Amino acid sequence: MRHCIYPGTFDPITNGHLDVLHRAAKLFDHVTVAIARSSTKAPFFSTELRLAMVEETIREIPNVSATVFDGLLVNFASEQKAQAIIRGLRALSDFEFEFNMALMNRHLQPTLETLFVMPSEQFSYTSSTLVKQVAKYGGDVTHFVPPIVATALKRAAEARGHID
């Protein structure tokens with residue numbers, strides 16, 4: 001079985017993430033969306049809420065599942081018996097970071113491949129950070145995120161007066 005890991009913080013998951021995920025689901029027998037607890041970032045949404053939003057958005061994709069992981073991605077991928085890591089590349093600015101990460105992962109686990117997937121042009125500028133900034137000031141994010149995420153962002157903005 002060809003299995004890949006699609007890792008990220010997914011804080012929150014965007015339509016760009018989903019576009020990359022749909023592409024990966026066509027290439028692999030199974031895709032695991034691996035939500036990083038992220039000790040280096042301070043996610044806006046809790047791990048549990050991020051997982052719930054991802055699970056809601058992938059229900060219709062039969063060969064995709066979601067889980068949370070801690071620690072090194074290559075260790076998690078080995079535990080999952082995955083052959084590859086999928087990473088989305090939106091722009092040239094993503095490439096250097098992703099390239100360095102892929103080389104480090106290859107050094108740590110030589111049998112694990114990293115594949116870069118470009119989203120559709122309409123999502124090439126969409127990021128979780130930008131979506132949160134738009135939502136923070138009451139902007140419409142419905143074009144950029146699944147409905148469950150738009151609702152969660154709106155609730156967060158209303159509850160806090162804004163999103164940090």
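Residues numbered from 1 in each chain as written. Predicted model: local features only at pLDDT ≥ 70, side-chain atom pairs only at ≥ 80, totals over all residues. Heavy atoms only, no water.

The name given to the protein chain in an unreviewed UniProt entry is Phosphopantetheine adenylyltransferase, with Cephaloticoccus capnophilus as the source organism. Looking at the protein chain in UniProt, the text filed under Function (unreviewed entry) is "Reversibly transfers an adenylyl group from ATP to 4'-phosphopantetheine, yielding dephospho-CoA (dPCoA) and pyrophosphate." Recorded in UniProt for the protein chain, the comment headed Subunit (unreviewed entry) runs: "Homohexamer." (UniProt positions renumbered as here; feature names shortened; annotations may be inferred.)

What the five strands build is an open sheet, ordered β3-β2-β1-β4-β5; its pairing is parallel. At either margin of the open sheet sits one strand with a lone partner, and together these are β3 (64-69) and β5 (113-117). Across the sheet, the axes of successive neighbouring strands diverge by a mean angle of 30 degrees, strand direction being ignored. Two strands pair when backbone bridges link them, and strand β4 (residues 84-88) and β5 are joined in this way by five bridges, in the parallel orientation. Residue pairing for β5: I85 is matched across the bridge by T114. This element, helix α4 (residues 92-108), spans β4 and β5 of the sheet and lies at about 165 degrees to β5. (Pairing = 2+ DSSP bridges. Helix = DSSP H or I, 4+ residues; strand = E, 2+ residues; numbered from the N terminus. Axes fitted to C-alpha atoms, helices over the stretch in contact; angles between N-to-C directions. Contact = heavy atoms within 4.5 Å.)

Residues L92, F95, F99, L103 and F116 make up a contiguous nonpolar surface patch of about 470 Å² in total accessible area. With four residues, α4 is the largest single contributor of residues to the nonpolar patch. By relative accessible area, F99 is classed as partly exposed at 37%. (Patch = residues over 30% accessible without salt bridge, like charges linked within 9 Å, V, L, I, M, F, W, Y side chains within 5 Å. Areas by Shrake-Rupley, 256 points an atom, 1.4 Å probe, with all protein chains shown as cover. Salt bridge = Lys/Arg side-chain N within 4 Å of Asp/Glu carboxyl O. Buried < 20%, exposed > 50% of the residue type's maximum accessible area, 1.4 Å probe, protein only.)

For helix α1 (residues 15-27), built from 13 residues, the straight-helix expectation of 18 Å at 1.5 Å per residue is met to within 8% by its first-to-last C-alpha distance of 19 Å. Within α1 the residues assigned to the buried category are N15, G16, H17, L18, D19, V20, L21, A24 and A25. For α1, the N-terminal capping position is held by T14, with its side-chain oxygen 3.2 Å away from the main-chain nitrogen of G16. (Expected span 1.5 Å × (residues − 1). Polar contact = N/O pair within 3.5 Å; in protein donor to acceptor, adjacent residues only side chain to side chain.)

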